[in-house]
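Fold and contact review
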Amino acid sequence: MSQAAESPSHAYLEVALPLPVRHGFTYQMPAKMLGTAKLGARVIVPFGKRSFTGYIIGFPERLPADGSLSPDQVRAITSLEDEEPLITPEIFELTRWAADHYLASWGEMLKAALPAGINVTVDRSVSITERGRLELRDLKREGTVKHKLLTRLTASDSVLQSELLKDAGRSAGGVLRELIKAGFAVAAETTVEAKVKPKRRKAVRLLSGDAQAESSLPEQHRKVLSALRSSGGEMFFTDLLERAGVSSSPVTTLAKKGLLEVFIAEEIRDPLTGYEETKQPELKLTKDQANALESITNALSGETFKAFLLHGVTGSGKTEVYIRAMRQALADGLSSLMLVPEIALTPVFSRRLRDAFGNKVAILHSNLSAGERFDEWRRIRSGEARIVIGTRSAVFAPLADPGLIIVDEEHDASYRQNESPFYHGRDVAVMRAHRAGAVVVLGSATPSLESFNNAHNGKYEYLRMPERIGGRPLAEVELIDMREVFKRAGKDVVISPKLAEAIEETHRRGEQTMMLLNRRGFSSFVLCRSCGESLRCKNCDITLTYHKSGSRLICHYCSYTTDPPSVCPFCESEYLYFIGQGTEQIEELLCKQFPKLRIARVDRDTMKRKGELDRTLLAFDRGEIDLLVGTQILAKGHDFHNVTLVGVVSVDNGLGLPDYHAAERTFQLLTQVAGRAGRGSLAGRVLIQTYHPEHYALQRASEQDFDGFFEEEMRYRERLGYPPYSVVASIMAKHRDRPYAMQTAEILRRSLDRANPKKEVRILGPAEASIARIKNEWRIQTILKSPNRKLLRELIDSAMREAEASGSDRRILQVQIDPLDLL
């Protein structure tokens with residue numbers, strides 16, 4: 001049934017809810033709403049004791065014949081929110097495919113396709129009772145969660161439960177339930193309007209066109225009319241007063257005379273407000289660029305699905321190919337979508353696209369305000385914006401007539417959504433292009449093994465750009481054996497003499513340096529030298545990282561923080577040892593060693609404020625910073641022409657992870673960060689410090705030999721049966737009670753075995769995950785390796801149904817198809 005079809009005269013709807021379940025729920029449509037609902041429309045529905053915003057996914061003609069659901073069990077919807085669905089027919093079907101492909105919840109996938117804050121939500125309004133006020137008065141211990149909740153409730157007549165729990169902390173939910181149960185508070189369900197709405201402001205429009213008649217007007221009046229004319233005849237009220245340098249009185253008088261009109265207008269919240277477009281010079285394409293562009297534009301004119309893998313070394317000019325292909329798509333009446341892996345890249349690319357295409361460009365990513373995202377999404381939905389750039393979730397942008405989809409840095413792990421609903425933005429982009437008959441271009445200097453294998457097998461057309469623009473050579477890469485450095489120094493050395501000398505020399509030449517360490521904080525962990533215990537998070541099976549700024553120990557998984565102890569909490573020894581380095585320590589060491597250099601740091605700790613990352617990168621580009629220290633964010637797509645030295649402090653931790661992607665990720669990271677050096681007219685140099693210089697990933701990265709790495713890594717993958725020679729799934733049981741999580745996983749394992757009698761799918765586990773506990777939940781993992789995707793999905797679907805009937809708790813099971821992280 002097409003999405004445009006209205007509900008028939010019968011009264012039943014199938015609704016997908018944003019819950020981790022794979023099926024829809026049947027509801028009844030009130031008689032007054034019959035014939036008005038459409039597929040994809042949002043509805044408010046009761047579910048248990050709560051209410052949710054759901055999405056209509058079907059109109060069942062009758063209830064199940066097996067009698068599992070009787071008419072008196074079917075509840076009515078509370079309200080129909082959309083006369084016309086916000087979800088387009090294309091995105092409706094794309095989310096259906098994604099939910100099926102990744103064994104995810106369709107309701108969660110539909111919710112992910114809409115901008116945050118657009119849904120009406122249902123919350124609970126909590127009020128304190130008289131008994132609660134007496135209880136607060138008698139409480140002797142202040143600072144407890146109970147005291148915080150009761151105190152907060154006395155401050156107003158009622159408080160939304162979500163706000164109450166946000167203020168009181170993560171553990172407050174159970175305490176609040178006890179307060180309500182004891183009669184100290186009462187709660188009632190309430191509907192909360194959508195958080196984002198169009199922004200409206202008072203505006204002024206010029207009505208008079210008789211300049212001669214206006215000459216007799218007072219000067220203040222003439223200033224107002226002149227300011228309006230110079231701005232095209234319309235301005236926002238406050239902007240007009242500022243531009244004309246007048247009070248509101250002349251505007252009011254002119255409105256009464258009929259010379260202008262005061263009205264309410266919508267203001268579009270533009271993420272690039274203040275950016276002035278610049279005319280970019282037309283560049284002459286290299287032969288490789290021209291060949292790649294010709295292949296892509298020829299495919300555009302064919303109006304059928306075509307997939308390309310654009311394998312271009314760093315600095316080969318892939319971005320220029322993207323822009324010209326978009327220009328051709330726009331000329332053909334088609335829209336374009338460009339995905340980038342990191343928010344850090346969107347300001348750079350969005351400015352390039354704004355220069356090329358003006359206001360036809362829209363931006364979508366999570367660092368925009370809710371209002372900016374909402375307005376950009378509406379511009380796309382209305383067809384005003386024909387080119388979209390964004391991160392992973394922008395794959396669901398409601399573009400009409402998509403003709404070209406570009407996935408830049410297609411290998412990047414950031415395209416994988418690591419919370420429910422799980423999906424891979426790159427693979428969804430390929431399917432979207434396939435369903436729309438569009439062209440998809442996957443670009444990278446270090447393609448993922450899966451994409452490169454698809455190109456080898458003929459699924460994708462392979463386009464190669466092996467040389468940098470202008471014939472500039474790739475940076476020279478050298479491995480520094482830190483074992484030898486240790487022998488000579490007789491102690492651990494963070495910055496080797498060779499790297500330090502290179503930094504000094506680069507600065508003397510007036511050039512810039514980038515330093516990479518993919519680990520934030522000051523010290524990796526704290527160890528007691530007396531008893532050997534390390535300081536660990538109370539919620540996670542992970543050590544705490546020391547952050548010198550603020551002098552805090554922080555868990556990078558759950559954000560738990562505590563003060564560093566003066567003595568060991570296990571044996572009371574004073575000999576605590578801070579081990580390992582993070583970007584914060586590297587920055588401090590470099591500032592001490594090179595006091596004349598202007599040094600800045602780019603990581604999650606320093607870039608918390610909106611726009612801070614953008615400002616830092618632009619300052620580095622202008623030459624206001626000599627040396628930039630950062631995490632892997634520095635490796636991705638930046639184009640700084642004065643950077644001639646890249647130093648990698650260490651990548652050994654990444655190589656040692658218990659994950660089959662470890663070598664591939666390390667090779668990609670090193671190749672990408674090496675590509676930041678020597679992008680201008682000056683030669684580049686890359687120095688990589690390591691204790692494992694013989695590792696094939698590091699050897700191939702130092703030679704910048706992608707083909708050699710691909711062949712060697714594929715041999716390992718084939719021998720061990722990992723992708724692309726198999727399809728992998730991870731099923732994680734997560735619960736605070738370890739025996740309960742293990743019991744659920746073991747029931748599922750037995751169901752998997754029964755559904756897999758021929759042993760075609762290899763099943764490993766259940767066992768504790770590499771990180772056994774995160775956010776106070778135990779993680780029991782089962783890994784499946786299948787020869788094909790269809791067999792794997794059928795096996796999991798069948799086993800999950802049987803396991804649920806046998807007592808396995810479906811709510812605590814998370815299924816990931818093609819996981820990028822097995823930790």
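Residues numbered from 1 in each chain as written. Predicted model: local features only at pLDDT ≥ 70, side-chain atom pairs only at ≥ 80, totals over all residues. Heavy atoms only, no water.

1. Considering the sheet that holds strand 13 (residues 335-339)
Strand pairing in a sheet relies on backbone hydrogen bonds, with the paired strands running either antiparallel or parallel. Stated precisely, the cut-off is as follows: Any two strands between which DSSP finds at least two bridges are classified as paired. Every helix listed is a DSSP run of H or I at least four residues long, and every strand listed is a run of E at least two residues long, numbered separately from the N terminus. Think of each axis as a best-fit line through the C-alpha atoms, taken over the contacting stretch in the case of a helix, with angles from 0 to 180 degrees between the N-to-C directions. Here, two residues are considered to be in contact whenever any of their heavy atoms come within 4.5 Å of each other.
Strand order in the open sheet formed by seven strands is 14-15-13-16-17-12-18, with parallel pairing between adjacent strands. Looking at the sheet topology across the chains shown, the edges are occupied by strand 14 (361-364) and strand 18 (461-465). Here the average twist between neighbouring strands, direction ignored, is 15°. Two elements, strand 12 (residues 306-312) and strand 17 (residues 439-444), share six bridges in a ladder whose sense is parallel. When the bridges of strand 17 are listed, K306 appears paired with V439. Against the sheet, helix 16 (residues 449-456) touches strand 12, strand 17 and strand 18, its axis set at about 115° to strand 12.

2. Considering the environment of T513
Going by this rule: Relative accessibility thresholds used throughout: buried, under 20% of the residue-type maximum; exposed, over 50%; partly exposed, between the two (1.4 Å probe, protein chains only).
Within the secondary structure layout, T513 lies in strand 20 (residues 512-517). By relative accessible area, which is 2% here, T513 ends up buried. For the pair T513 and E409, spaced 104 residues apart in the sequence, the C-alpha separation amounts to 23 Å. Beyond its immediate chain neighbours, meaning those up to four positions away, T513 contacts I503, T506, F620, D626, L627, L628 and L645.

3. Some remarks on the packing of aromatic side chains
Note the following rule: Ring pairs are drawn from Phe, Tyr and Trp, using the six-membered ring of Trp, whenever the two centres fall within 6.5 Å, and their geometry is named by plane angle: stacked under 30 degrees, edge-to-face over 60, tilted for the rest.
The tally for this structure, following the rule as stated, stands at 17 aromatic pairs. Aromatic side chains W97 and Y102 sit 6.3 Å apart centroid to centroid with 80° between the ring planes, which places their arrangement in the edge-to-face category. Of the residues examined, Y102 reaches a relative accessible area of 1% and is grouped as buried. Between Y660 and Y722, the ring centres sit 4.5 Å apart and the planes meet at 15°, which makes this aromatic pair stacked. With Y660 in the loop between helix 21 (652-655) and helix 22 (662-674) and Y722 in the loop between helix 24 (706-720) and strand 30 (727-735), this residue pair connects regions lying 62 residues apart in the sequence.

4. With respect to helix 19 (residues 583-593)
Turn by turn, an α-helix covers 3.6 residues, leaving residues three or four places apart pointing in a common direction. Every buried residue belonging to helix 19 is among T583, E584, Q585, I586, E587 and L590, and all of these are buried. Lining the buried residues of helix 19 we find helix 18 (497-508), strand 20, strand 22 (545-547), strand 26 (599-602), strand 27 (627-630) and strand 28 (643-650).

5. What about the sheet that holds strand 32 (residues 777-786)?
Taken together, the four strands give an open sheet; going across it, the order is 31-32-30-33, and neighbouring strands pair in antiparallel fashion. Two strands close off the open sheet at either side, each with one partner strand: strand 31 (762-774) and strand 33 (813-817). Averaged over all neighbouring strand pairs, the angle between strand axes comes to 20°, with direction disregarded. Bridge count between strand 30 and strand 33: five bridges; the pairing is antiparallel. When the bridges of strand 33 are listed, A729 appears paired with I817.

6. Focus: a positive patch on the surface
Our working definition: Only residues above 30% relative accessible area that lack a salt bridge enter a patch, with like-charged residues linked at up to 9 Å and the nonpolar side chains Val, Leu, Ile, Met, Phe, Trp and Tyr linked at up to 5 Å. Accessibility throughout is a Shrake-Rupley quantity obtained with a 1.4 Å probe, and a residue counts as covered only by protein chains that appear here. Each salt bridge in this description consists of a side-chain nitrogen of Lys or Arg and a carboxyl oxygen of Asp or Glu lying within 4 Å of one another. Positive charge is attributed to Lys and Arg, negative charge to Asp and Glu, and no charge count is given to His or to the chain ends. Charged side chains are reduced to one point each, which is NZ for Lys, CZ for Arg, CG for Asp and CD for Glu.
Side chains of K49, R50, R124 and R177 sit close together on the surface and give a patch of like positive charge. For K49, a relative accessible area of 86% puts it in the exposed group.

7. Regarding the environment of E476
Tracing the backbone shows E476 in strand 19 (residues 476-481). Considering only alpha carbons, one finds E476 and A244, 232 residues apart in sequence, at a separation of 58 Å. In contact with E476, other than residues within four places in its own chain, are G684, R685 and V686.

8. Looking at the pairing of strand 17
So the rule is basically this: Here, the term right-handed applies to a crossover whose path from the first strand over the helix to the second runs clockwise when the strands point away from the viewer.
Of all six residues making up strand 17, six are buried, and the element is well covered by its neighbours. In terms of strand pairing, strand 16 (residues 402-408) meets strand 17 through five bridges, oriented parallel. Bridge assignment links V407 to a residue of strand 17, and that residue is L442. This β-α-β element, strand 16 to helix 15 (residues 425-436) to strand 17, shows right-handed connectivity.

9. Focus on the packing of helix 8 (residues 219-230) against helix 9 (residues 237-244)
Note the threshold: An angle below 35 degrees is read as roughly parallel, one above 145 as roughly antiparallel, one from 65 to 115 as roughly perpendicular, and any other as oblique. For any pair of crossing helices, the crossing counts as left-handed if the nearer helix is rotated counterclockwise from the farther one by less than a right angle, and right-handed if it is rotated clockwise. Throughout this entry, Asp, Glu, Lys and Arg are counted as charged residues, while Ala, Val, Leu, Ile, Met, Phe, Trp, Tyr, Cys and Pro are counted as nonpolar. The remaining residues, Gly among them, count as polar.
It is at 9 Å that the axes of helix 8 and helix 9 come closest, and there the two elements cross at 115°. One element, helix 8, and the other, helix 9, form an angle in the roughly perpendicular class. As for the relative orientation of helix 8 and helix 9, their crossing is right-handed in sense. Residues K223, V224, A227, L228 and S230 of helix 8 form the contact with helix 9, whose own contacting residues are L240, R243 and A244. Taken together, the residues that form the contact of helix 8 with helix 9 break down as five nonpolar, one polar and two charged.

10. Comments concerning the nonpolar core
What counts is decided by this rule: Grouping buried Ala, Val, Leu, Ile, Met, Phe, Trp, Tyr and Cys residues that are joined through side-chain atoms within 4.5 Å yields what is termed a nonpolar core.
F396, L784, I796 and I817 are the most contacted members of the largest nonpolar core, which has 132 residues in total. If near-sequence neighbours (up to four positions away) are discounted, I796 is found in contact with L103, A729, I731, L784, V815 and I817. Listed in part, the 29 residues of the second largest apolar core include A329, I387, V439 and L463.

11. Observations concerning the pattern of salt bridges
Per the stated rule, a full pass over the model turns up 57 salt bridges. Across the salt bridge formed by K146 and E135, the nearest N and O atoms sit 2.8 Å from each other. One end of the pair, K146, is in helix 4 (residues 145-154); the other, E135, is in helix 3 (residues 130-138), and 11 residues separate them in sequence. Of the residues examined, K146 reaches a relative accessible area of 24% and is grouped as partly exposed. Residue class for E135 comes out partly exposed when judged on its relative accessible area of 22%. Here the salt bridges do not stand alone but share partners, grouping K199, R201, D239 and E267 into one network.

12. Comments concerning unusual backbone geometry
As a rule of thumb, non-glycine residues mostly have phi less than zero, and peptide bonds are mostly trans rather than cis. Residues S420 and P421 are joined by a peptide bond in cis, for which omega reads 5°. Relative to the assigned elements, P421 resides in the loop between strand 16 and helix 15. Residue P766 is bonded to the preceding G765 through a cis peptide linkage, with omega at 15°. At Q704, a position not held by glycine, the phi torsion is positive, near 50°. Position of Q704 among the secondary structure elements: in the loop between helix 23 (696-703) and helix 24.

13. Quick notes on helix 14 (residues 370-382)
So the rule is basically this: Working rule for helices: expected span equals 1.5 Å times residues minus one.
Under the 1.5 Å per step criterion, the end-to-end length of helix 14 is 18 Å for 13 residues, consistent within 8% with the ideal 18 Å. Three or more residues of helix 14 are buried, namely G371, E372, R373, F374, D375, E376, W377, R379 and I380. Count one or two residues on from helix 14 and you reach G383, which has phi positive near 90°.

14. Focus on the environment of T144
Formally: Pairs of N or O atoms within 3.5 Å make up the polar contacts considered here, provided that, within protein, one atom can donate a hydrogen while the other can accept it, and that residues adjacent in sequence are counted only when both atoms are side-chain atoms.
On the secondary structure map, T144 appears in the loop between helix 3 and helix 4. A sequence separation of 144 residues divides T144 from D288, and the C-alpha atoms of the two residues are 67 Å apart. In terms of polar contacts, T144 uses its side chain to reach the backbone amide nitrogen of H147, at 3.1 Å.

15. Focus on the side chain of R373
Along the chain, R373 turns up in helix 14. Here R373 is buried and forms no salt bridge, its nearest opposite-charge partner E372 lying at an N-O distance of 7.4 Å. If we ignore the near neighbours within four places in the chain, the residues touching R373 are A116, L364, H365, S366 and L368.

16. Describing the pairing of strand 14
Burial of the side chains of strand 14 extends over both faces: V361 and I363 are buried on one face and A362 and L364 on the other. Relative to strand 15 (residues 387-390), strand 14 runs parallel, the two being bridged by four bridges. Paired with I363 across the two strands is I389, which belongs to strand 15. Following the backbone out of strand 14, through helix 14 and into the adjacent parallel strand 15, one traces a crossover that is right-handed.

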